[in-house]
Amino acid sequence: MRSYDSVKTGKQNAKIVDVEVATDIRFGRYLADVYKPVYNVDGGTVKDNGVFRYKKADGFLYDPKKNWGYARFLNVMGIKRDRSSDTPSFKPENIIGELVTIEVYEKVFTNAFSKVVKYPVARVISTLDIPF
């Protein structure tokens, strides 16, 4: 996949073309998997800011309330959660090709070298139903 292009900010229709997954990422005393859908918008690409699924693991704290963003994402995408299991029912490859509406905004922060860094990120707002 090529480097991420600049796309204009605001609500836009997009297609999910990939999902980057990082597993077992430490956030303080918590452990999470992070899903980052990649959206194609008018030939440009923008990556999701990240959908975090915190999980139970020995030596780490766990608070199911921290998974509100993951639950919201599954709900927006129309994916049913399996509440009887700690393993996720979400399979990233199943959402590739989905048409969605996203909100693109600019992420701005100062890095460790005191340089201001800016780049576009997105979050999914809804799925698109195209009647054919």
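Being a predicted model, the structure only gives us computed values, none of them experimental. (Residues numbered from 1 in each chain as written. Predicted model: local features only at pLDDT ≥ 70, side-chain atom pairs only at ≥ 80, totals over all residues. Heavy atoms only, no water.)

**Student:** Sorry if this is basic, but what is going on with the layout of surface pockets here?
**Tutor:** Empty space among the atoms becomes apparent when a probe as large as a water molecule is rolled across them. A volume near 340 Å³ is recorded for the second largest pocket. Every residue lining the second largest pocket is counted, 16 residues in all, and those nearest its centre are Gly-50, Val-51, Trp-68, Gly-69 and Tyr-70. With 5 residues, the single largest contributor to the lining of the second largest pocket is helix 1 (residues 68-77). Of the residues assigned to the lining of the second largest pocket, the class counts are 9 nonpolar, 3 polar and 4 charged. (1 Å grid on protein atoms, 1.4 Å probe; cavity = no way out; pocket = protein on both sides within 12 Å on 5 of 7 lines; lining within 4 Å. Points joined across faces, edges and corners; volume = space filled by probe spheres on them. Helix = DSSP H or I, 4+ residues; strand = E, 2+ residues; numbered from the N terminus. Nonpolar A, V, L, I, M, F, W, Y, C, P; charged D, E, K, R; others polar.)

**Student:** Honestly, the environment of Tyr-54 in this entry has me stumped. Any pointers?
**Tutor:** You can see Tyr-54 is positioned in strand 4 (residues 51-54). Given the relative accessible area of 13%, Tyr-54 is considered buried. As for Tyr-54 and Asp-33, which are separated by 21 residues in sequence, their C-alpha atoms are 6.5 Å apart. (Buried < 20%, exposed > 50% of the residue type's maximum accessible area, 1.4 Å probe, protein only.)

**Student:** Is there a simple way to explain the pattern of salt bridges in this structure?
**Tutor:** A pair can form between side chains of opposite charge whenever their charged atoms are brought close. Inspection of the entire model under this criterion finds 4 salt bridges. A salt bridge links Lys-47 to Glu-20; the nearest nitrogen and oxygen atoms lie 3.1 Å apart. Placement of Lys-47 in strand 3 (residues 44-48) and of Glu-20 in strand 1 (residues 10-27) is noted, with a sequence separation of 27 residues between them. Judged by its relative accessible area of 21%, Lys-47 falls in the partly exposed class. Looking at Glu-20, the relative accessible area reads 29%, which means it is partly exposed. For the salt bridge of Arg-53 with Asp-33, the shortest nitrogen-to-oxygen distance reads 3.4 Å. With Arg-53 in strand 4 and Asp-33 in strand 2 (residues 30-41), this pair connects stretches of sequence that are 20 residues apart. Side by side, Arg-53 and Asp-33 carry an identical accessibility label, which is buried. Beyond isolated ion pairs, a larger network of salt bridges with shared partners links Asp-24, Asp-33, Arg-53 and Lys-55. (Salt bridge = Lys/Arg side-chain N within 4 Å of Asp/Glu carboxyl O.)

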